[in-house]
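Structural features, examined
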Amino acid sequence: CGSAYHTGVVGKYLIESYANIPVNVEVASEYRYKKCFYDKDTLVILVSQSGETADTLAALRKAKEDGITTMAIVNVLGSSIAREADYTIYIKAGFEIAVATTKAYLAQLAIFSLITLYLGVTNKVISNKEYEEITNEINKMPQYIKETIKDETYLPVAKKIFSKKEIFFIGRGIDYALCLEASLKLKEISYINSVAYQAGELKHGTISLIEENTPVIAISTDEDLNEKTISNIKEVKARGAYVILVTNTAPQEKFYDELIIIKKLHPIMESILTIIPLQL
């Protein structure tokens, strides 16, 4: 449930922030064995690229046995999870050829962005002006994605870190959720050990693993958390880390070794762009 779980963590941040609805995110293989506390207004969303993930299918059946409404976000038409859920959203990302579920992950993020937008408007958290701003960005998203893919920063960065034995990802809030996916992707397709940390937690003992030239990839897109994240980046830099910063605003001081800037968008849409450099 790796990438699907990670889209759920992003969805949690978005829905709680912009729709004022509490969200729990569960790994299906754990959910199916735990005691769950529902009320009649609970919705269980099942996220799966294949629609056949055994643990996720078991979680769906558990929720249905408990009388809870279910909704599936799946890629494969007519799959078991799609057929058995009360409601289904097909993401239509096409076949995933490689191990890394990059297309489906992006499409799942887009679905959670749209769900958040709908709920935010319905619950009157998102204003009409904000709604227009977001829908304008949605219409331009294919163009923004193409521009992000064309950035020539990624290959030189990859050449500098491909021989490393260990890489750390740090971020706060929604950026931490993206770190989880970025770290998983790196492990899956490069076999480099990597780990994602909430930026504020790295200092609790684990920072001792940061040695000279250890790559630390930091994501910082949230204005409210930016100052705190920069403080954590400086901590690892002081230990000799090789810092790659992914952000939406050029910093006024240099506390990094490599800088990747993505276009600044509304937070509901921004995750879709933020993850692309990390996938590449």
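So, a few notes on the structure that sits alongside this text.

Quick notes on the rules
Residue numbers restart at each chain and count upward from 1, following the sequence in its written direction. Local features in this predicted model are restricted to residues whose pLDDT is 70 or higher, and side-chain atom pairs enter the listing and the counts only when it is 80 or higher, whereas totals over whole chains, interfaces and linings include all residues. Only heavy atoms go into the side-chain values, all of them from the structure, while hydrogens and water stay out. When a residue's accessible area, from a 1.4 Å probe over protein chains only, is under 20% of the maximum for its type it is buried; when over 50% it is exposed; and in between it is partly exposed. In this description a helix means any DSSP run of H or I spanning at least four residues, a strand means any run of E spanning at least two, and both kinds are numbered starting from the N terminus. At least two DSSP bridges between two strands are required for those strands to pair. Identification of polar contacts relies on pairs of N or O atoms within 3.5 Å, with a donor-acceptor requirement for protein atoms, meaning one able to donate a hydrogen and the other able to accept it, and with residues adjacent in sequence counted only if both atoms are side-chain atoms. Only heavy atoms matter for contacts: two residues are in contact if any of them lie within 4.5 Å across the pair. An axis is simply a line fitted to the C-alpha atoms; with a helix, the fit covers only the stretch in contact. Between two such axes, the angle follows the N-to-C directions and lies from 0 to 180 degrees. To sort the angles, those under 35 degrees are grouped as roughly parallel, those over 145 as roughly antiparallel, those from 65 to 115 as roughly perpendicular, and the leftovers as oblique. Left-handed describes a crossing whose near helix is turned anticlockwise from the far helix by less than a right angle; the clockwise case is right-handed. Throughout this description, the term nonpolar core refers to a set of buried Ala, Val, Leu, Ile, Met, Phe, Trp, Tyr and Cys residues connected via side-chain atoms within 4.5 Å. By this rule, a helix spans an expected 1.5 Å times one less than how many residues it contains.

Focus on the pairing of strand β6 (residues 215–220)
Counting buried residues in β6 gives 6 out of 6 residues, a clear majority hidden from the surface. Because side chains alternate across β6, one face comprises the buried residues P215, I217 and I219, and the other comprises V216, A218 and S220, equally buried. Relative to strand β7 (residues 242–247), β6 is paired through 6 bridges, and the arrangement is parallel. Residue pairing across strands places I217 opposite I244, the latter belonging to β7.

A look at unusual backbone geometry
Here the phi dihedral of N20 falls at roughly 55°; this positive angle occurs in a residue that is not glycine. Relative to the helices and strands, N20 is located in the loop between α1 (2–19) and α2 (28–31).

Observations regarding the side chain of S79
Mapping S79 onto the fold places it in the loop between β2 (69–74) and α4 (80–84). For S79, a relative accessible area of 2% puts it in the buried group. Within the structure, the side chain of S79 is placed 2.9 Å from the backbone oxygen of V76, a separation counted as a polar contact. Aside from chain neighbours lying at most four places away, what touches S79 is S50, G51, E52 and V74.

Quick word on the sheet that holds strand β8 (residues 258–261)
Spatial strand order, β5-β4-β6-β7-β8: 5 strands in an open sheet with parallel pairing. Both edges of this open sheet fall to β5 (193–198) and β8, since each of them pairs with a single strand only. Each strand axis lies, on average, 20° off the axis of its neighbour in the sheet, ignoring direction. With 4 bridges joining them, β7 and β8 adopt parallel strand pairing. Its bridge partner lying in β8, L245 is registered against L259.

A closer look at the sheet that holds β2
Read from one edge of the open sheet, 3 strands run β1-β2-β3, paired in parallel fashion. The outermost strands of the open sheet, each flanked by one partner alone, are β1 (43–48) and β3 (87–90). The sheet shows a mean angle of 20° between the axes of neighbouring strands, taken without regard to direction. Sheet topology note: the β1/β2 ladder contains 6 bridges and is parallel. Following the sheet pairing, I45 is matched in β2 by M71. Sitting on the sheet, helix α5 (residues 102–122) touches β1, β2 and β3, and the angle it makes with β2 is about 135°.

Thoughts on the packing of α1 against α5
Between α1 and α5, the least distance of the axes is 9 Å, while the angle of their chain directions is 20°. Relative to α5, α1 is oriented roughly parallel. As for how α1 packs across α5, the hand of that crossing is right-handed. Counting all contacts with α1, which are made through S3, A4, H6, T7, G8, V10, G11, L14, I15, Y18 and A19, the residues of α5 involved are Y105, Q108, L109, F112, S113, I115, T116, L119 and G120.

As for the packing of helix α8 (residues 174–190) against helix α10 (residues 267–279)
Interhelical geometry of α8 versus α10 gives an angle of 35° and a closest axis separation of 10 Å. As for how α8 packs across α10, the hand of that crossing is right-handed. Within the contact between the two elements, α8 uses I174, L178, E181 and A182 and α10 uses S271, T274, I275 and L278.

Section: the nonpolar core
Ranked by size, the top nonpolar core spans 42 residues in total, and within it V10, F169, I217, I275 and L278 carry the most contacts. The leading source of residues in this core is α8, at 8 residues. Here I275 is in contact with Y105, L106, L109, L178, E181 and A182, once residues within four sequence places are set aside. One finds L202, I210, V236 and V243 within the second-largest nonpolar core, a separate group that totals 16 residues.

Looking at helix α9 (residues 223–238)
Look at α9: 23 Å from first C-alpha to last across 16 residues, which is about the 22 Å you get at 1.5 Å a residue. By the burial criterion, the buried members of α9 are T229, I230, N232, I233 and V236. Contacts from the buried residues of α9 go to β4 (166–171), β6 and β7. The backbone nitrogen of D224 lies 2.9 Å from a side-chain oxygen of the residue at the head of α9, namely D222. Where α9 terminates, the next one or two residues include G240, which has phi positive at roughly 95°.

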